[in-house]
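# A closer look at the structure
Here's the letter readout for the chains.
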Amino acid sequence: MKKILLALGTVVLLTACGGGDDAVPAPEEEAVVDEPATEEATGDFDATAARESYEASCIHCHGNNLQGGGGPGLAGGELTAEEIFEVIQNGQGTMPPQNLPSEDAENLAQWIAAQ
Ligand code: HEC
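Residues numbered from 1 in each chain as written. Predicted model: local features only at pLDDT ≥ 70, side-chain atom pairs only at ≥ 80, totals over all residues. Heavy atoms only, no water.

Our next topic: the confidence of the model for the protein chain. Close inspection of predicted coordinates is inappropriate for parts of the model with low pLDDT. With 63% of its residues at a pLDDT of at least 70, the protein chain reaches an overall mean of 79. The low-confidence segment residues 31-42 (pLDDT under 50) makes one contact with residues lying over four places distant or belonging to another chain. (pLDDT = per-residue confidence, 0-100. Contact = heavy atoms within 4.5 Å.)

And the structure:
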């Protein structure tokens, strides 16, 4: 009988230690990174059309995931949709103006700003 109680006590101790590992805060930090619900804020623009314009006009210099290449990365930038629209229409530095209909440029700018 005593042996059984001893064994039980050991199990409880082990369980208590195991529980300690769960206190690592890493999962919470990841959740915060995932949180911005930009995907849901798609009411303002047509993401499919934007992606098409991007692939036709920008992908060569800014990378297939907006990570940059010949030009700077565009994801997570500080620029507003209006500023991006200006760059598309007028160019900036060594980037030539992009010949997009202004409707497409505006849609694209809003999409990039949301990345
Ligand atoms: C021929 C290559 C090229 C193409 C095509 C191109 N870009 Fe660029 N882009 C650049 C370069 C180079 C810069 C950096 C210009 C500078 O500031 O000197 C830049 C800068 C930018 C910036 C400003 C980034 C910042 O942080 O200041 C935006 C926004 C941008 N491009 C958007 C676009 C969009 C949208 C398209 C497609 C419609 C596009 N670019 C097409 C080369 C290109």
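In the region of the ligand, 21 residues are neighbours, and Cys58, Cys61, His62, Gln92 and Met95 sit closest. One nitrogen or oxygen atom from the side chain of His62 is found 2.7 Å from a nitrogen atom belonging to the ligand. Between the ligand and Gln92, the relevant distance is 2.8 Å, taken from an oxygen atom to a side-chain nitrogen or oxygen of the residue. Elements with a contribution of two residues or more to the shell around the ligand: helix 4 (59-62), helix 5 (81-90) and helix 6 (102-113). Per element, the largest residue contribution to the shell around the ligand is three residues, and it comes from helix 5. (Near = heavy atom within 4 Å. Polar contact = N/O pair within 3.5 Å; in protein donor to acceptor, adjacent residues only side chain to side chain. Helix = DSSP H or I, 4+ residues; strand = E, 2+ residues; numbered from the N terminus.)

Moving on, we come to the coordination of the iron atom of the ligand. When a metal carries six donors in an octahedron, the ideal angles between them are 90 or 180 degrees, while four donors in a tetrahedron ideally lie at 109.5 degrees. Protein coordination at the iron atom of the ligand comes from His62 (NE2) and Met95 (SD), with a distance range of 1.9 to 2.1 Å. Taken together, the six donor atoms surrounding the iron atom of the ligand define angles of 85 to 180° at the centre, an arrangement classified as octahedral. With His62 in helix 4 and Met95 in the loop between helix 5 and helix 6, this pair connects stretches of sequence that are 33 residues apart. For His62, a relative accessible area of 9% translates into the label buried. (Donors = N, O, S within 2.8 Å, 3.2 Å for Na, K, Ca; no water. Tetrahedral: all angles 85-135°; square planar, octahedral: opposite > 155°, others 65-115°. Buried < 20%, exposed > 50% of the residue type's maximum accessible area, 1.4 Å probe, protein only.)

The next thing to look at is the nonpolar core. With 15 residues, the main nonpolar core has Tyr54, Ile88, Leu108, Trp111 and Ile112 as its most contacted residues. Within the residue set of this core, elements represented by two or more residues are helix 3 (47-57), helix 5 and helix 6. No other element matches the five residues that helix 6 contributes to this core. In this structure Tyr54 touches Ile59, His62, Gly63, Leu66, Leu74, Leu108, Trp111 and Ile112, once residues within four positions along its chain are discounted. (Core = buried A, V, L, I, M, F, W, Y, C linked by side-chain atoms within 4.5 Å.)

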